[in-house]
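Next come the chains, spelled out residue by residue.
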Amino acid sequence: MTKLLLICTVLLPLLGGALLPLARRGSRSLRAAVLAVLILEAGAVTVLLLQPQAELTLFAMTDRLRVSLRLDGVSRLFLAVAAYGFLITGVYAFSYLEPGKGECGFFSFYLLALGALAGMDLAGNLTTMYLFFELATLCSMPMVLYDRTEESIRAAFKYLFYSMAGAFLALCAIFFLSKYCATLDFVPGGSLDPAAVAGHETLLRVLVFLGIVGFGAKAGMYPLHGWLPTAHPVAPAPASAVLSGIIAKAGVLAILRLLYYCVGPAFLAGSWVHYSLLGLALLTVFMGSMMAYREKVFKKRLAYSSVSQISYVLTGLFLLSPAGLTGGLLHVIFHACVKMLLFLCAGSFIHNMGLHRVEELKAVGKAMPKTLWSFTLGALALVGIPPASGFISKWYLAEGALDSGLPVFNWLVPVVLLISALLTAGYLLPITIDGFFPGRDLKAIPARNREGGPLMWAPLLLLAALSLGLGIFSSGLVRALSSLAAGLF
Amino acid sequence: MLILLLILMPMALAPMSWLLGRRSKSLRNGFVVAAGFLELALALWAALRGGSAALPELCVLGFRFELDGFRRIYTLIFAGMWAMTLLFSPDYFAHHRKRNRYYFFQLLTLGATMGVFLAADLYTSFVFFEIMSFTSFAWVIQEETAGAIKAAKTYLAVAVIGGLAALMGLFLLWNSLGTLRISELCAAARAAGRSPTLYVAGGCILLGYGAKAGMFPVHIWLPKAHPVAPAPASALLSGALTKTGVWGILAISCNLFRGDPAWGALILGLGAVTMLLGAVLALFSVDLKRTLACSSMSQIGFILSGVGMICLLGEENALAARGTLLHMVNHSLFKLVLFLCAGAVYRNLHRLDLNEIRGFGRGKPLLMLCFLLGAMGISGVPLLNGYVSKTLLHEAILEGLPHYGWPLKAVEWIFLFSGGLTAAYMTKLFVAIFVEKHPTRQTEFDADKDWLSRPAALALGCSGAVIPILGFTADLSMNALADLGTDFLHGEPLAHAVRYLSLENLKGGAVSLAIGAAVYLLLVRTWMRKDGNYVNRWPGRLDLEELVYRPLLLKLLPGIFGWISAIFGENRLTVPLCRGLRRAARRIALLFGENRLTVPLCRGLRRAARRIALLFGENRLTVPLCRGLRRAARRIALLFGENRLTVPLARGVWKSVEGAAVGFGENRLSEPAARGIFAGAEAVSRAVSNRLEALAPGRRIGLSFGLLALALGLIGALIRLLSLL
């Protein structure tokens, strides 16, 4: 039963996406079909969340290279984020995308990307994960292309190039890991074969470093972060929302699996790889926030913000301590929720009012109070104002860093996190302030309701409630993730 | 449960008031006033019951609340202040826009402020502190004027920076001590020992909470935000929200750094600067609410110096603790009534400049009495409550004098001088509003009988009445308050009762008031007046915010770090560099691919190869050569085959062989010879047979056998002979 469900979860969106272009029967039925697939997928994932651990080999290419699915804690976490996130964003996309303007292509790649992500989340070994990782890149790239402008095509290819280049770096690491690991299957705590590794530690460390930097391209980690600020602003808002909130997390998942399920934290702890990765992540955190602070195009600002925030997660992963990992995993959920919210708000501003730049957003609160309120709650959560959700993850990240006992990094991590939080406040809160309080001298924006239909603002309110509520009622989540994190050391 | 209700009920009522306000404004006004008094009733009930509560499942670490003596006093004060301001508000806001928003955030902030004070651990307090910062932001920006927006942004920036600093402090404390429970901090800190980490943590928390309290050098928001906020909100900002900052400072000073002289000296120093700076600024200002705001800052300085003395005096901190506590309480009450008076003025005139509101208070006894009580109280006039708390603080400083020498003496003089300035600026305000006459509008002011509605007047009167009640019954009421509250401050029990009206104590008050009178007469009446008008001596250019913080935080740091980040991102340097690299790579790739060099080269090579191949194939040289060779070979072959030489030769040989064969065959020589031999043999055999026939048969047989035997013998002998060879 569970095994059948595992296959279904992966195949349903893939088949749905592949078959969608065949059913040319008007916009309404197309949307109904997409919605049905998304709801079915979310339902399947909900059932999977309650299932015990399961494993299933689909077929074997050779006896070491097998394509297998596996349900464990990490896959539950990422699968839930992906399925629910795609559902909410999908509902929003129905009112965002004009009927009949290439929506069929968009939605079919949307579903394909979800299927690829589901496959990646459920992958049972490195081979399978790599396979779906590439598939996710390929399937999400056309979403950036939606506008068919020259800029969007260039951005899409930049995305493709960065992701592929990163993936090839990672592939190098995978080749070598298949030699040094006892198995390519995911084993909590890593499966390095000490006998095989003996004498090749330096080589392996270099390769693991390259692999993580490679997968880091997807997560927007310095130095391969360049695609994010290019691709996100040109993609339609729902695409940027899932790209930033969910698909970029595929990089996080890949690094998590590589680091904790293949190599094992013990092998890297205290080595130069450990410190350089932490350094890169912190640099990205700071640099992303700073660039976002200086950026005036709203969606580009959010993209830089993603660069920074996803590296919060990576910092948590690279701390190699249970508390840090817990904070990182928490931030996966919270950031997904908040960043989808913020991108969808940006989408609403663009779609309903045609506002792209930050300074144009003055007084927008008069016309779109619900949207701006949702944005504000999301912004507070992202800054990490208690009791909103970002605060909880930041607490664990800082605790993990201070507990880790690493030289310099134990205090540098919280300091950088807080400075970045300050910058986050600096680039998000003025939008709220100017939006709600433009001052009296500004000529009034039409004060009538420009929110769009309920399908447009309801997802925003839902996400805003989640980004606040997940923080307040996070105890259960934290317990689950802490025990998950503790099992990896 | 009751405690949770104190916090959550206003927060739950806030959206209800908002929804109600969309239907009916008057209903909403009634609702919020009722909410305020309901909270007051709850606070009274809770203050009688005490106890503690917890929400362990929320926000991971859980929330813990406690209602001890100090918190009982302050829940009551807060609930009372909110009830009074809410009662005052409908009248004040009668012609304002966006009231719904104001009331919504008013109630939210009430819940959050309760949460800050009732918290039993720093974590809980911090969470509510942040909520409070953000909800009270809406107060400051309520009027939406340019000044309000700027002040609100400053307020928010300070709140966010302070909040993050405090959070860093909490991280460090939680990590090094493992607890944030206020009651456990002291023991944990002593167990862990004094480490730099602890001081860094304390400094961070001090920065965060000090910002809210208006402590120097993070006071910058206070003189800007208080004047622009609506008066009821200013009263709360000044009287209540600054106290949450003081609460945080108290929580760490009296627990984490209990009896730590270094920490005490730091707080005392900051307190002294704040006290003096606030008082000087208040004196210079000609704006009613700004004067009051700066006065708040100065009074917070008084309170902080008391906190510093608590730490400095260690075991003998009874006076300091009682003075600090009472001055907090008193200041809340003074600022409530003073800002409500300012609100009454602003409600009618929509002006705050002293030159324009001059004489407004004439002929309005309630307003005058309330303002006078507040002003006298805060100036430390004997018989009112401000005198009691200031005396206690002064006593505490005097108590420390033998231990700490001249620095403390300096602080004492700053203390007395600031007290004097307090009296001076309060006199300035009082004289301007209630004694002087407006040059043009005085008759209009005097005719204004409808200057405050009844509920608002009730709020004002109640707020004013508390001051003399506490003052006149100081030995009873104020001592009781002090006894109730000092546990939180870890004040030691009082060794002997303080006689507030003793000559010694009256002298201190008198010195202060004398300084005040001198300053007023010598400075305010002369230097600060010109042609009968008050001159604005506000040192606008010496604004710490404009001079230091804004350039530093908005220009310098983002500039520097932005530049540094840009180095790592796409910029004028890296983009061309990347392009250059890509071009170079392409060149290099082309170098190894098809290009102007390689293509001809390859062609040349191919041609050369073909030439070489041709060289070894059929060409003008090899073809004739081969032909020649073939011919030669054929010749050679012919040489050994049939040719003009061999054929005749072979024929000749053949013929000769034939001839020879003929020579041995039947020829002219051999034939006759053979015939002859044959004939001879025939003749011999005939002769033999003839002879044999002549013989008898027996003999013939015998002879035949004999001959045969002879022949056989001859043959045998011949064989024998041959074998011998």
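Values in this document were obtained by computation on a predicted structure and should not be read as measured data.

### Observations concerning the overall build of chain B
Part 1 of the reasoning: Across its full length, chain B carries 28 helices and four strands.
Part 2 of the reasoning: The C-alpha atoms of chain B give 62 Å as radius of gyration, which overshoots the globular expectation for 725 residues (27 Å, by more than 25%).
Part 3 of the reasoning: By principal-axis analysis of the C-alpha atoms, chain B measures approximately 215 × 70 × 65 Å.
Part 4 of the reasoning: Counting all 725 residues of chain B, 47% fall into the buried class.

### Re the overall build of chain A
Part 1 of the reasoning: Counting its secondary structure elements, chain A contains 20 helices and two strands.
Part 2 of the reasoning: Taken over the C-alpha trace, chain A has a radius of gyration of 21 Å; the compact-globule value for 489 residues is 23 Å, and the two agree within 12%.
Part 3 of the reasoning: For chain A, the spread of C-alpha atoms along the principal axes amounts to about 75 × 55 × 45 Å.
Part 4 of the reasoning: Expressed as a percentage of its 489 residues, the buried residues of chain A come to 64%.
Part 5 of the reasoning: A fraction of 81% describes how many contacts in chain A between residues 6 or more apart in sequence connect residues 24 or more apart.

### Re the environment of R525 of chain B
Residues and elements named next belong to chain B.
Part 1 of the reasoning: Here R525 is to be found in the loop between α21 (503-524) and β3 (529-530).
Part 2 of the reasoning: Judged by C-beta crowding, with 13 C-beta atoms within 10 Å, R525 ranks as partly exposed.
Part 3 of the reasoning: Distance in space between the C-alpha atoms of R525 and K428 is 8.7 Å, their sequence separation being 97 residues.

### A look at the interface of chain A and chain B
Part 1 of the reasoning: Across the boundary between the two partners, chain A contributes 35 residues, which contact 30 residues of chain B.
Part 2 of the reasoning: At the level of secondary structure, the elements contributing two or more residues to the side of chain A that touches chain B comprise α12 (272-294), α17 (389-404), α18 (409-436), α19 (454-472) and α20 (475-486) of chain A.
Part 3 of the reasoning: Looking at the side of chain A that touches chain B residue by residue, the classes come out as 26 nonpolar, five polar and four charged.

### Side note on helix α16 (residues 369-383) of chain A
All names here are of chain A.
Part 1 of the reasoning: Taking 1.5 Å of rise per residue, the 15 residues of α16 would be expected to cover 21 Å, and the 21 Å separating its terminal C-alpha atoms lies within 8% of that figure.
Part 2 of the reasoning: Among the 15 residues in α16, 13 count as buried, and that is most of the element.
Part 3 of the reasoning: Positioned one or two residues after α16, G384 has a phi angle of 95°, which is positive.

### Focus on helix α13 (residues 298-318) of chain A
Part 1 of the reasoning: The end-to-end C-alpha distance of α13 of chain A, which contains 21 residues, comes to 30 Å, matching closely the 30 Å that a straight helix rising 1.5 Å per residue would cover.
Part 2 of the reasoning: One or two residues past the end of α13 of chain A sits L320 of chain A, with phi positive at roughly 55°.

### Considerations on the pairing of strand β1 (residues 54-60) of chain A
Residues and elements named next belong to chain A.
Part 1 of the reasoning: One ladder, built from six bridges, connects β1 with strand β2 (residues 66-71); its direction is antiparallel. Bridge pairing in β2 links E55 to R70.
Part 2 of the reasoning: The loop that links β1 with its antiparallel partner β2 comprises five residues.

### A short note on the packing of helix α11 (residues 261-284) of chain B against helix α12 (residues 288-313) of chain B
All names here are of chain B.
Part 1 of the reasoning: The interhelical angle for the contact between α11 and α12, taken along N-to-C directions, is 160°, at an axis separation of 7 Å. As summarised for this structure, α11 and α12 are arranged roughly antiparallel, according to the angle between their axes. Seen from above, α11 lies across α12 with left-handed handedness.
Part 2 of the reasoning: For the contact of α11 with α12, the per-class residue count stands at 20 nonpolar, 10 polar and no charged.

### Some details on unusual backbone geometry
Excluding glycine, residues mostly have negative phi values, and the peptide bonds linking residues are mostly trans.
Part 1 of the reasoning: Of note, the amide linkage connecting P386 of chain A to P387 of chain A takes the cis form, showing an omega dihedral of 0°.
Part 2 of the reasoning: In this structure, P217 of chain B follows F216 of chain B across a cis peptide bond, with omega equal to 0°.
Part 3 of the reasoning: Here L320 of chain A, not a glycine, exhibits a phi torsion of approximately 55°, which is positive.
Part 4 of the reasoning: Mapped onto the secondary structure, L320 of chain A falls in the loop between α13 and α14 (322-353).
Part 5 of the reasoning: For V408 of chain A, which is not a glycine, the phi torsion comes out positive at approximately 65°.

### Overview of the environment of L185 of chain B
All names here are of chain B.
Part 1 of the reasoning: Here L185 is to be found in helix α7 (residues 182-192).
Part 2 of the reasoning: Here the alpha-carbon distance between L185 and A251, two residues 66 residues apart in the chain, equals 9.2 Å.
Part 3 of the reasoning: Excluding anything up to four places from it in sequence, L185 contacts L177, T179, N255 and L256.

### Notes on the packing of α7 of chain B against helix α10 (residues 231-256) of chain B
Residue and element names in this part refer to chain B.
Part 1 of the reasoning: It is the contact of α7 with α10, at a shortest axis distance of 8 Å, that shows an interaxial angle of 40°. Between α7 and α10, the crossing angle belongs to the class labelled oblique. Taken as a pair, α7 and α10 cross one another with a handedness that is right-handed. For the pair α7 and α10, the contacting residues are I182, L185, C186 and A189 in the first and A251, N255 and L256 in the second.
Part 2 of the reasoning: Considering only residue class, the contact of α7 with α10 consists of six nonpolar, one polar and no charged.

### Topic: the nonpolar core
Part 1 of the reasoning: Counting residues in each nonpolar core, the largest one holds 423 residues, and the members touching the most others are A113, L117, V144 and I255 of chain A together with V140, L340 and C341 of chain B.
Part 2 of the reasoning: Sequence-distant contacts of C341 of chain B, defined by excluding residues within four places in its chain, comprise L367, C370, F371, G374 and L460 of chain B.

### Section: the pairing of strand β2 (residues 63-67) of chain B
Residue and element names in this part refer to chain B.
Part 1 of the reasoning: Most of β2 sits out of view: five of its five residues are buried.
Part 2 of the reasoning: Alternating positions in β2 separate into two faces, F63, F65 and L67 on one and R64 and E66 on the other, with burial throughout.
Part 3 of the reasoning: In terms of strand pairing, strand β1 (residues 51-55) meets β2 through five bridges, oriented antiparallel. Among the inter-strand pairings, G51 is bridged to a residue of β2, identified as L67.

### Some remarks on the confidence of the model for chain B
Part 1 of the reasoning: Chain-level pLDDT for chain B is 85 on average; 98% of the residues reach the 70-or-more range.
Part 2 of the reasoning: Across the interface, the model reports ipTM at 0.91; the global pTM reads 0.84.

About the criteria used
Residues numbered from 1 in each chain as written. Chains lettered and ligands numbered in written order. Predicted model: local features only at pLDDT ≥ 70, side-chain atom pairs only at ≥ 80, totals over all residues. Helix = DSSP H or I, 4+ residues; strand = E, 2+ residues; numbered from the N terminus. Rg over C-alpha atoms; globule rule 2.2 N^0.38 Å. Buried ≥ 20, exposed ≤ 12 C-beta atoms within 10 Å, placed from the backbone. Contact = placed C-beta atoms within 7 Å. Nonpolar A, V, L, I, M, F, W, Y, C, P; charged D, E, K, R; others polar. Expected span 1.5 Å × (residues − 1). Pairing = 2+ DSSP bridges. Axes fitted to C-alpha atoms, helices over the stretch in contact; angles between N-to-C directions. Parallel < 35°, antiparallel > 145°, perpendicular 65-115°, else oblique. Left-handed = near helix turned anticlockwise from the far one by under 90°. Core = buried A, V, L, I, M, F, W, Y, C linked by C-beta atoms within 7 Å. pLDDT = per-residue confidence, 0-100.

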